[in-house]
Amino acid sequence: MKAPRFGRRERPVVDPIGRPLNDPARELRDAEARGDASAVDVIADPEPTELERITGWLDERTGLAGLVRTTLRKVFPDHWSFLLGEIALFCFIILVATGTFLTFFFVPSASQTTYAGPYPPLQGATVSEAYNSVLRLSFDVKAGLLMRQVHHWTAVVFVAVIVAHLSRVFFTGAFRRPREINWLIGFGLLTFALAEGFTGYSLPDDLLSGTGARIAYSAAISIPLIGPYVASLLFGGEFPTAAFLPRFFVLHVMLLPALFAGAIVAHVGLVFLQKHTQFRVGRAREDNVVGRHFWPGQAFVSGGLFFLTAAVVALLGGLVQINPIWAYGPFDAPIVSSPAQPDWYVGWLDGSLRIFPPFEPVILGITIPSAFVPGVVIPGILFTIVGIWPFIERRVTGDRAPHNLLDWPWESPFRAATGAAILGLFAILTLAGGNDVLSAFLDLPIESLTWLFRFLVLAFPIAVWLVVYALCRSRQRYPAPDERPKGGIRLVRNATGGWEEAE
Amino acid sequence: MNRRERRAERLVLACFAVTFLTGLGLLGVYTLGGDTQVQGVLLALCLGGLGAGIVLWAQELMSNEERVEERHPLGTGPEGSAAVAEALTDEAGFSRRRVLQGGLVAALGGLAAALAIPVLSLGPAPGRSLFETPWKKGLHLVGFDNQPVKADAIPQDGVVTVFPEGFPGSADGQTLLIHAGADRLQLQGDAATWAPNGFVAYSKVCTHAGCPVGLYRAAQGQLICPCHQSTFDVMQGAVPVFGPAARPLPQLPIQLEADGTFTALGDFSEPVGPSFWDMRLGG
Amino acid sequence: MAGLAALGAALLATGVAWAVSPAAPDPQAATNAAAADQTVVDAGRGLFTANCAACHGPAGQGGSGGPSLVGAGAASADFYLRTGRMPLSAPGQRVVRQPAHFDDAEIQALVAYVASLGSGPAIPQVSSGGELHQGWQLFQANCAACHNATGAGNAIGGGYVAVGLGNADPTTIGEATIIGPGAMPAFAFDDQSLADIAAYIRFLQDAPTPGGAPIGQVGPVAEGFIGVAIGLPLLILVSLLAARRGKPEEQNP
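Residues numbered from 1 in each chain as written. Chains lettered and ligands numbered in written order. Predicted model: local features only at pLDDT ≥ 70, side-chain atom pairs only at ≥ 80, totals over all residues. Heavy atoms only, no water.

Engineer: Any details on the overall build of chain B? Residues and values, ideally.
Structural biologist: From N to C terminus, chain B includes six helices and 11 strands. Taken over the C-alpha trace, chain B has a radius of gyration of 35 Å; the compact-globule value for 283 residues is 19 Å, which it surpasses by more than 25%. Each principal axis of the C-alpha atoms in chain B carries an extent, and together these give about 95 × 75 × 35 Å. Evaluated residue by residue, chain B yields a buried proportion of 48% over its 283 residues. (Helix = DSSP H or I, 4+ residues; strand = E, 2+ residues; numbered from the N terminus. Rg over C-alpha atoms; globule rule 2.2 N^0.38 Å. Buried < 20%, exposed > 50% of the residue type's maximum accessible area, 1.4 Å probe, protein only.)

Here it is in structure tokens:
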């Protein structure tokens, strides 16, 4: 049997538009002139390599050779910030992989059982099957705790990377025409990620997760007219119910990942169709893409980046304890531990609930519950603003032209200032969500901190807006270093011993 | 191959060697018992070596020639959209049948109503459940163990979580029984008569977002919810004095029995837990 | 000074008694016993006048700066003195845990004196025979709401902090539940329950953290901080490294 030849052939076969690059007729003439019989054979009827046989087999059945070649030769602009979206995708893959492992051990059931594992204080405790199975996964399954912690840490950094990617897209104006749809899809991905995180946080059925589910139920019930129905349909009755765990499980492992995966395909597919944006450097213009071929350069960098991302979350998962549910104990409605926080990416919502003043008007007998405005209305408004930002900006600036070249953040002071102010608002709300922990840490009364946050939530975004706007304007007045003439002046010695400027 | 390339190749090989060795090491550690920290570090090195090797390979040993690709406008112009519009509407059997189009939309509305059926099965209509708890007249106040709580088991400034007899652990029946002291309580009207010998009972479910109001700062006579720091003044009928809650914790009418136990005089005077829109309309 | 010398002698005698006694009683029993000894009470009165009377009044009846200690009992005095919460250097200062200001003999004397002012709770004897699971149940139901299920403590509003229980010994735990110091409510646990709770808190103090660094045991706030302040920068660093150009750029032919 002949050894397969995967090596690259001497000559490329076709150019990008499919014309033969070489001239077999001429080469055949040359070989005949030399009297090289074997070369004549090869040139007259070139034997395909093993790789060509495989690609040929696939192409006959799909007709995709042209598309695959275009893809391999696709040009990717290389800037580190363009890799943030890839890292988010890698986090999703790691979440699916580790999460699949977890589902093999997790029991999504609220039915009660008696704990008989190795953690001494809980021996004999009545716990749910769900909680019991996560303890078993943590203590009895080898490497189970590592997988669980890697999963949780990946979820924590996943949302952070999504926010960083979203910020890059926002501050460089990458969402402008023709990419508004992809902004909306990306925004959908963010909300799916938050929903994934929240449902996942609720699954172990420990004291914290039950408290979180309780607050979600209360936010749902607070909606005027439909709240009690929405909450009952979502949770299967009045909280706490046995139904919500299996429901959240299905949402967490089936519906939301499916939505997320579908949206990722659309997100990446649109980038493929529209080609990546690029910064205004070097030879980059509106009507070209400057960068590296997908294969092998970019593909290797991305592949390596996947493993490096996995290494970072493996390190966190191995060295830093996260969500020690054995220490919190199982969920029990009358029991609570303090502090009680959601994972950080829901912290802003908790912060909104914490610092909003007591407000519960009764209008025509209809009560507007105190959790409604901070728990439903404010998040709704904030997320709507972020979601439809491309259309808001188009309305404000009147800029309807297509853009493939990115702005530097300071080139659009209004956008930069507004984006920074929104991030600042979320940051204040997130900090407010930890006001009790900060209170203990800073040795300040919770009440003072709460009042400080009530002030900052209004003042800080305004201050950030003004400062960023002013900074951008002043930055615009001075050219960036790379916009100045390169290299300055070069002096050379002239014949008389003096100096003069070189060309 | 120049010196730089030879060095890069050695580096990439070293990275791959790290992956190979730590991978085997991981298997060894796992077999020997599997410490989470050691496994985490080895796994990180295993993955990191592979990632670093692949990235260095691309950076140091592959072409980084800058390529330029033309970008063509995406749209096909007015002709294209006109062609799509025409393709959508050129079948007169569809586009001219306005009545049928309307009928189709109406039919889809009916289908949506039909699809609501499985959705509505997801949970019972709330009905009276949000207005009621298991508390009834004559039920003893019991602890987690369903045993009646006795007055002498709660010292001055003490607090204990109680439930309706037969419902230990009840989520909406959970109640705090506080020995506030008759001299410190400043309750008015009925509320005062529901606080025998300085013992007062309030719902433990926060009126803001439903968390158990578990923190009792005895010195100030204030209950605090750990979730959002709503603070209630126990002495003044559990009115909110700080934080986002706007409604007092409902008080449970109780009486002290001759044997030192407590019984309820009825259910709470108003719905417990987070407010909802029709709570003042009586459902 | 003579009083102190007498006290020292008394304590020495007690120490000898411990050494020879087959079942050595713990120091709290000694303190309770010392409360009955008039010479010890007199020594305590001297210390009280010098260190405490400015706020609590010359006879412990209370004053402008501090509450009456009549009926406070040995448990209260022992708790505040042994945990260094008292004395304050000025009235109105924050009452926080510190190294004890007095040595053991002085504390015993002061405790004896305060106990002599009126009937109050004695120092509880917390046995070491606590049952872990019972302790866990009691802790979750009564303590976790303020002190955190992990025992790490938390702020509870009004400038108060429910202390972390990392160095709470069984006697201190027992005293705190009886007297309800600061903002804490009082509890009337029976002896067995107290021993159970103390056993569980002891367990928490040396509880293993199999997942790695416990980052303060305060839950998602610390976890989020690590994720955003360490995880995200690490990933950005990784993307910077991945995006770097390794070798000098080749020129386009």
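Structure shown, so let's carry the discussion forward.
Engineer: How would you explain the interface of chain A and chain B if you had to name every residue and give the values?
Structural biologist: Between chain A and chain B, the contact holds 92 residues from the first and 72 residues from the second. Carbon and sulfur atoms make up 64% of the area that chain A and chain B hide from each other, which totals about 6,600 Å². Summed over the shared surface of chain A and chain B, the result is two salt bridges. Close ionic contact of A:E360 with B:R247 constitutes a salt bridge, the shortest N to O distance being 3.8 Å. Counting across the chain A and chain B interface gives 25 residue pairs in polar contact (both at pLDDT 80 or more). (Contact = heavy atoms within 4.5 Å. Buried area = accessible area lost by both parts, 1.4 Å probe. Salt bridge = Lys/Arg side-chain N within 4 Å of Asp/Glu carboxyl O. Polar contact = N/O pair within 3.5 Å; in protein donor to acceptor, adjacent residues only side chain to side chain.)

Engineer: Quick one: what's the story with the sheet that holds strand β1 (residues 75-76) of chain A, residue by residue and with numbers?
Structural biologist: Taken together, the three strands give an open sheet; going across it, the order is β1(A)-β4(A)-β1(B), and neighbouring strands pair in antiparallel fashion. Strands at the two margins of the open sheet, each flanked by one partner only, are β1 of chain A together with β1 (67-70) of chain B. Two elements, strand β4 (residues 288-293) of chain A and β1(B), share four bridges in a ladder whose sense is antiparallel. What sits directly across from A:N288, in β1(B), is B:E70. (Pairing = 2+ DSSP bridges.)

Engineer: Before we move on, could you go through the domain arrangement of chain B and cite the residues and values that matter?
Structural biologist: Per the domain assignment, the segments making up chain B are domain 1 (3-61) and domain 2 (141-264). The gap between the C-alpha centroids of domain 1 of chain B and domain 2 of chain B is 60 Å. (Domains from an automatic or database assignment.)

Engineer: An account of the interface of chain C and chain B is requested, with residue identities and associated values reported.
Structural biologist: Listed by partner, the interface residues are 30 residues for chain C and 28 residues for chain B. Here chain C packs against chain B, burying approximately 2,200 Å² in sum over the two surfaces, 47% of which is carbon and sulfur. At the surface where chain C touches chain B, the tally comes to one salt bridge. Between B:E60 and C:R244 there is a salt bridge whose closest N-O contact spans 3.2 Å. At the boundary of chain C with chain B, the tally comes to 11 residue pairs in polar contact (both at pLDDT 80 or more). Among the secondary structure elements, those contributing two or more residues to the side of chain C that touches chain B are α8 (144-147), β1 (154-157) and α11 (220-243) of chain C. The dominant element in the side of chain C that touches chain B, judged by the number of residues it contributes, is α11(C), at three residues. Class assignment for the residues of the side of chain C that touches chain B results in 17 nonpolar, eight polar and five charged. (Nonpolar A, V, L, I, M, F, W, Y, C, P; charged D, E, K, R; others polar.)

Engineer: For the domain arrangement of chain C, give the residues involved together with the corresponding values.
Structural biologist: All names here are of chain C. Looking at chain C, the domain boundaries give domain 1 (2-116) and domain 2 (132-205). With 11 residues of domain 1 at the contact, the number on the domain 2 side is 11 residues. Overall, the association of domain 1 and domain 2 removes approximately 890 Å² of surface from exposure, summing both partners, and the carbon and sulfur fraction of that is 53%. When the buried surface of domain 1 facing domain 2 is broken down by residue, F79, R82 and R97 rank first, second and third, together holding 48% of it. Seen at the junction of domain 1 and domain 2, the total is two salt bridges. Note that E175 and R82 form a salt bridge whose closest N and O atoms lie 3.1 Å from each other. For the pair domain 1 and domain 2, the number of links is five residue pairs in polar contact (both at pLDDT 80 or more).

Engineer: Tell me what's going on with a nonpolar patch on the surface, and back it up with residues and numbers.
Structural biologist: Among the surface-exposed residues, A:L64, A:L67, A:V68, A:L72, A:F272, A:L273, A:W295 and B:L74 lie close enough to one another that they form a single nonpolar patch of about 720 Å² accessible area. Residue assignment for the nonpolar patch shows that the elements contributing at least two residues are α4 (65-72) and α11 (244-274) of chain A. Here the element with the most residues in the nonpolar patch is α4(A); it accounts for three residues. One can find A:L67 in helix α4. Look at A:L67 and you get partly exposed, because its relative accessible area is 47%. (Patch = residues over 30% accessible without salt bridge, like charges linked within 9 Å, V, L, I, M, F, W, Y side chains within 5 Å. Areas by Shrake-Rupley, 256 points an atom, 1.4 Å probe, with all protein chains shown as cover.)

Engineer: Lay out the side chain of B:S275 with the relevant residues and their values.
Structural biologist: Relative to the helices and strands, B:S275 is located in the segment after β11 (262-264). Residue classification places B:S275 among the buried residues on the basis of a relative accessible area of 2%. Polar side-chain contacts of B:S275 include one of 2.9 Å to the side chain of A:E360. Separated by 2.9 Å, the side chains of B:S275 and B:R247 make a polar contact. Apart from residues no more than four positions distant in its own chain, B:S275 is found in contact with A:I221, A:S222, A:E360, A:T367, A:P369, B:T207 and B:R247.

Engineer: Residues and numbers for the state of the cysteines, please.
Structural biologist: By the definition in use, this model includes one disulfide over all chains. Note on cysteine connectivity: B:C211 is disulfide-linked to B:C227, with sulfurs 2.2 Å apart. One quick way to see it: the torsion about the S-S bond of B:C211 and B:C227 is about -90°, and its sign makes the bridge left-handed. Taken as a pair, B:C211 in the loop between β5 (199-203) and β6 (215-217) and B:C227 in the loop between β7 (222-224) and β8 (231-233) lie far apart in primary sequence, 16 residues in all. For B:C211, a relative accessible area of 1% corresponds to the buried category. Judged by its relative accessible area of 0%, B:C227 is buried. With no disulfide of its own, C:C146 lies 9.0 Å from the sulfur of C:C143, the closest cysteine sulfur. (Disulfide = S-S within 2.5 Å.)

Engineer: Tell me about the environment of C:A188, and name the residues and values.
Structural biologist: Turning to its location among the elements, C:A188 is positioned in the loop between α9 (170-179) and α10 (191-205). Judged by relative accessible area, which is 45%, C:A188 ranks as partly exposed. Residues C:A188 and C:P87, 101 residues apart in the sequence, show an inter-C-alpha distance of 27 Å. In this structure, C:A188 is in contact with B:A153 and B:P155, ignoring residues within four places of it in sequence.

Engineer: Summarise the packing of aromatic side chains; cite the residues concerned and give the values.
Structural biologist: Applying the stated criterion across every chain, the model contains 46 aromatic pairs over all chains. On the numbers, 4.5 Å between centres and 25° between planes, the contact of A:F92 with A:F260 is stacked. With A:F92 in helix α5 (residues 84-103) and A:F260 in helix α11, this residue pair connects regions lying 168 residues apart in the sequence. Just as A:F92 is buried, A:F260 falls in that class too. For A:K142, the ring lying beneath its charged end belongs to B:Y30, and the centroid distance is 4.7 Å. (Phe/Tyr/Trp six-rings, centres within 6.5 Å; stacked < 30°, edge-to-face > 60°. Lys NZ or Arg CZ within 6 Å of the ring centre and 35° of its normal.)

Engineer: Explain the sheet that holds β6(B) to me, and be specific about the residues and the numbers.
Structural biologist: Residues and elements named next belong to chain B. Judged by pairing direction, the sheet is antiparallel, and its four strands sit side by side in the order β6-β7-β8-β9 without closing on themselves. Among the strands making up the open sheet, the edge pair consists of β6 and β9 (239-242). Strand-to-strand twist across the sheet, computed as the mean angle between neighbouring axes with direction ignored, equals 35°. In this structure, β7 lies alongside β8, joined through three bridges in antiparallel fashion. What sits directly across from L223, in β8, is F232. (Axes fitted to C-alpha atoms, helices over the stretch in contact; angles between N-to-C directions.)

Engineer: I'd like a description of the pattern of salt bridges, backed by residues and values.
Structural biologist: All names here are of chain A. Within this structure, the stated rule accounts for 23 salt bridges over all chains. Across the pair R280 and E411 runs a salt bridge, and its minimum N-O distance is 3.2 Å. Remark: E411 occurs in the loop between α16 (389-397) and α17 (413-432) and R280 occurs in the loop between α11 and β4; sequence separation between them is 131 residues. Take E411: its relative accessible area is 28%, and that puts it in the partly exposed class.

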